[in-house]
Amino acid sequence: EAGVVQSPRYKIIEKKQPVAFWCNPISGHNTLYWYLQNLGQGPELLIRYENEEAVDDSQLPKDRFSAERLKGVDSTLKIQPAELGDSAVYLCATRGRNTEAFFGQGTRLTVV
Amino acid sequence: GNSVTQMEGPVTLSEEAFLTINCTYTATGYPSLFWYVQYPGEGLQLLLKATKADDKGSNKGFEATYRKETTSFHLEKGSVQVSDSAVYFCALSQYGNKLVFGAGTILRVKS
């Protein structure tokens, strides 16, 4: 069974440019998370979805970050415009009804 | 709010040495506790978990016991291998919601 798939794996952009990350969950997993992992730190939640509904987006910087999960399957996280401080690894994780969370390999963003 | 504190690294050990990585937590109620491992170039993988007090999680020779009285979930392994070199994260979750992670501990095992 395929795991959580994220793309791209790496992205380098200039500041003020937009960027988007994509996540394809494990089949049947209704819960989807986006986490931010800064260098040398643990992941921190940005947003949690239950199916297509964002049930916890309190930590998402809504002035520049947005996310969507159309049809409750794939999800996209967008930053516009990107800032130097957004350089980090963006992790997607999904969870089924009675399973633990499974993580994708992440997208490493570098803003120059 | 909920939080996790784990020992700072890097931890450097020789092969076959005993490993302990300390983890303590702050939470209301009784969270579930986890250890995740991140090997170089890979995503986070669940190593073990415990869902209630006095439970012991174990996997691949690693163990951790949920200690409510000391709010701890220390990770141990009796004999580490070079292949155990990775970053280890302690985490908690309540009511199946988000995971709250510690800062991670780098483990380096030398042959």
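Residues numbered from 1 in each chain as written. Chains lettered and ligands numbered in written order. Predicted model: local features only at pLDDT ≥ 70, side-chain atom pairs only at ≥ 80, totals over all residues. Heavy atoms only, no water.

**Observations concerning the interface of chain A and chain B**
Stage number 1. With 18 residues of chain A in contact, the opposing surface of chain B contributes 16 residues.
Stage number 2. The contact between chain A and chain B buries some 1300 Å² in all, and 53% of this surface belongs to carbon and sulfur atoms.
Stage number 3. If you sort the residues of chain A by the area they bury against chain B, P43, E100 and F103 of chain A come out on top, with a joint share of 33%.
Stage number 4. Counting across the interface, chain A meets chain B through zero salt bridges.
Stage number 5. Here chain A is connected to chain B by three residue pairs in polar contact (both at pLDDT 80 or more).
Stage number 6. Of all elements in the fold, only β4 (31-37), β5 (44-50) and β9 (88-95) of chain A reach the threshold of two or more residues within the side of chain A that touches chain B. (Contact = heavy atoms within 4.5 Å. Buried area = accessible area lost by both parts, 1.4 Å probe. Salt bridge = Lys/Arg side-chain N within 4 Å of Asp/Glu carboxyl O. Polar contact = N/O pair within 3.5 Å; in protein donor to acceptor, adjacent residues only side chain to side chain. Helix = DSSP H or I, 4+ residues; strand = E, 2+ residues; numbered from the N terminus.)

**Thoughts on the environment of Q38 of chain B**
Stage number 1. Of note, Q38 of chain B is situated in strand β5 (residues 32-38).
Stage number 2. Note: C-alpha distance between Q38 of chain B and K68 of chain B (30 residues apart in sequence) is 26 Å.
Stage number 3. Here Q38 of chain B is in contact with Q37 of chain A together with G43, L44, A86, V87 and F89 of chain B, once residues within four sequence places are set aside.

**Comments concerning the pattern of salt bridges**
Close approach of charged atoms allows side chains with opposite charge to pair.
All names here are of chain A.
Stage number 1. Taken as a whole and assessed by the stated rule, the structure comprises seven salt bridges over all chains.
Stage number 2. Between R48 and E50 there is a salt bridge; the shortest N-O distance is 2.6 Å.
Stage number 3. R48 gets classed as buried once you look at its relative accessible area, which sits at 11%.
Stage number 4. By relative accessible area, which is 24% here, E50 ends up partly exposed.
Stage number 5. The partner of D57 in a salt bridge is K62, and the shortest N-O contact between them spans 3.8 Å.
Stage number 6. Owing to a relative accessible area of 29%, D57 belongs among the partly exposed residues under this scheme. (Buried < 20%, exposed > 50% of the residue type's maximum accessible area, 1.4 Å probe, protein only.)

**Digging into the pairing of β9 of chain A**
Residue and element names in this part refer to chain A.
Stage number 1. In terms of burial, β9 is a largely internal element, eight of the eight residues being buried.
Stage number 2. Neither face of β9 is left uncovered, since the one carrying A88, Y90, C92 and T94 and the one carrying V89, L91, A93 and R95 both have all their residues buried.
Stage number 3. Sheet analysis places β4 next to β9, joined by seven bridges and oriented antiparallel. Bridged to Y33 within β9 is A93.
Stage number 4. Bridge count for β9 against strand β11 (residues 107-111) is three bridges, and the pairing is antiparallel. Each bridged residue has a counterpart across the sheet, and for V89 the counterpart in β11 is R108.
Stage number 5. Across two bridges, β9 lies against strand β10 (residues 102-103) in antiparallel orientation. The residue bridging A93 from the neighbouring strand is F103, located in β10.
Stage number 6. The antiparallel hairpin formed by β9 and β10 contains six residues in its connecting segment. (Pairing = 2+ DSSP bridges.)

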